[in-house]
Amino acid sequence: MTPINRWRQDLIHIRALGKLAITIDEIFYHRIKRFVRKDGTVTWDGNCFEVPYETVGNTVYLVINPHNQTALRIESKDGVVLGAVTKLDPIAN
């Protein structure tokens, strides 16, 4: 039996991930430890990101999507979502 025929034989046992597919992406996000400065920002990869002001003076984890290199949010050490991040434009600010 060829490999492709063997694989096709098992297709009846394969099921779609559905909602689980969303959580699988979360597993592969990178979490980078950062300190929130007094102005409510963190830096990563030469960029500055605004974070919720309540986190000033704390250490947080910046969640990064490694596929498109974008910052998504910040989390606590325990994985609790603390808020969104906004990339700052140095010219506009």
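Residues numbered from 1 in each chain as written. Predicted model: local features only at pLDDT ≥ 70, side-chain atom pairs only at ≥ 80, totals over all residues. Heavy atoms only, no water.

As for the overall build of the chain
Threshold: Each helix corresponds to a stretch of at least 4 residues labelled H or I by DSSP, and each strand to a stretch of at least 2 residues labelled E; elements are numbered beginning at the N terminus. Just to be clear, the radius of gyration here is over C-alpha atoms, and the globule rule we use is 2.2 Å times residues to the power 0.38. Categorising residues by exposure relies on relative accessible area from a 1.4 Å probe, with only protein chains included: less than 20% of the type maximum marks a residue as buried, more than 50% marks it as exposed, and the intermediate range marks it as partly exposed.
Of regular secondary structure, the chain possesses two helices and seven strands. When the helices and strands of the chain are placed in sequence order, the string is α-α-β-β-β-β-β-β-β. For a compact globule of 93 residues, the expected C-alpha radius of gyration is about 12 Å, and the chain comes in at 20 Å, more than 25% above that figure. Based on the C-alpha atoms only, the size of the chain along its principal axes is roughly 65 × 30 × 20 Å. Scored against the burial criterion, the 93 residues of the chain give a buried share of 24%.

Some remarks on the pattern of salt bridges
To be explicit about the condition: Salt bridge, as used here: a side-chain nitrogen of Lys or Arg that lies within 4 Å of a carboxyl oxygen of Asp or Glu.
Scanning the entire structure with this criterion turns up five salt bridges. As a salt-bridge pair, Asp-10 and Arg-6 come within 2.9 Å of each other at their nearest N and O atoms. Taking relative accessible area as the criterion, Asp-10 reaches 30% and is therefore assigned partly exposed. Arg-73 serves as the salt-bridge partner of Glu-26, at 2.5 Å between the closest nitrogen and oxygen. Residue Glu-26 is found in helix H2 (residues 20-27), and its partner Arg-73 is found in strand E5 (residues 70-75); the two are separated by 47 residues along the sequence. With relative accessibility at 14%, the residue Arg-73 sits in the buried group. The network of salt bridges with shared partners includes Glu-26, Arg-31, Arg-73 and Glu-75.

The values are spatial; any link to function lies outside them.
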